[in-house]
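Structural characterization, general
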Amino acid sequence: MSKGSRKLVGFLWAIIIAVVSFFVIYIFFPDVSTKFFGVSMKNPERIGQAVSNAADSVADAVSSAAESVAGTVTDAVNGITK
């Protein structure tokens with residue numbers, strides 16, 4: 001497994017852990033969720049906006065990580081062919 005793919009796998013595991021942690025806190029600890037995240041089951045109208053913002057952030061992070069890995073691979077291939 002190359003170094004770039006290990007970084008990507010580690011990043012994806014971190015995202016999974018963050019999402020699971022958010023929902024555990026959101027469901028089981030609504031007061032903590034309100035204090036730290038600004039949303040809770042007590043205020044369900046704000047969760048749609050929070051999820052949308054989180055999805056946009058994750059999409060941007062994944063996109064930049066994929067572009068970085070693709071750039072590294074392209075540079076490596078160009079270095080081999082020269």
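Residues numbered from 1 in each chain as written. Predicted model: local features only at pLDDT ≥ 70, side-chain atom pairs only at ≥ 80, totals over all residues. Heavy atoms only, no water.

Within the protein chain, residue pLDDT values average 80, and 89% of them lie at 70 or more. When pLDDT is averaged over each helix and strand of the protein chain, the minimum, 78, is found for helix α3 (residues 47-81) and the maximum, 88, for helix α1 (residues 3-28). (pLDDT = per-residue confidence, 0-100. Helix = DSSP H or I, 4+ residues; strand = E, 2+ residues; numbered from the N terminus.)

Take the packing of aromatic side chains next. The full count for this structure, using the stated rule, is 3 aromatic pairs. Here Phe22 and Tyr26 contribute two aromatic rings whose centre-to-centre distance is 5.8 Å and whose plane-to-plane angle is 15 degrees, an arrangement assigned as stacked. Of this pair, Phe22 and Tyr26 both sit in helix α1, 4 residues apart, which is roughly one turn of the helix. Ring plane angle 90 degrees and centroid distance 6.5 Å describe the contact between Phe23 and Tyr26, whose orientation is recorded as edge-to-face. In this pair, Phe23 and Tyr26 both sit in helix α1, 3 residues apart, roughly one turn of the helix. Look at Phe23 and you get partly exposed, because its relative accessible area is 37%. On the accessibility criterion, Tyr26 (11% relative accessible area) is buried. These aromatic residues form a ring-pair network of at least three members: Phe22, Phe23 and Tyr26. (Phe/Tyr/Trp six-rings, centres within 6.5 Å; stacked < 30°, edge-to-face > 60°. Buried < 20%, exposed > 50% of the residue type's maximum accessible area, 1.4 Å probe, protein only.)

If you trace the backbone, Ser33 turns up in helix α2 (residues 30-37). Residue class for Ser33 comes out buried when judged on its relative accessible area of 0%. When near neighbours in sequence (up to four residues on either side) are disregarded, Ser33 contacts Ile25, Tyr26, Gly38, Val39 and Ser40. (Contact = heavy atoms within 4.5 Å.)

We now examine the environment of Ile27. Looking at the element boundaries, Ile27 is found in helix α1. When the C-alpha atoms of Ile27 and Ser40 are compared, they prove to be 7.6 Å apart, with 13 residues separating the residues in sequence.

Two elements in contact, α1 and α2, have axes whose closest approach is 5 Å; the angle formed by their N-to-C orientations is 125 degrees. Classified by the angle their axes make, α1 and α2 are oblique. Where α1 approaches α2, its residues Phe22, Ile25, Tyr26, Ile27 and Phe28 are matched on the opposing element by Pro30, Val32, Ser33 and Phe37. Taken together, the residues of the contact of α1 with α2 sort by class into 8 nonpolar, 1 polar and no charged. (Axes fitted to C-alpha atoms, helices over the stretch in contact; angles between N-to-C directions. Parallel < 35°, antiparallel > 145°, perpendicular 65-115°, else oblique. Nonpolar A, V, L, I, M, F, W, Y, C, P; charged D, E, K, R; others polar.)

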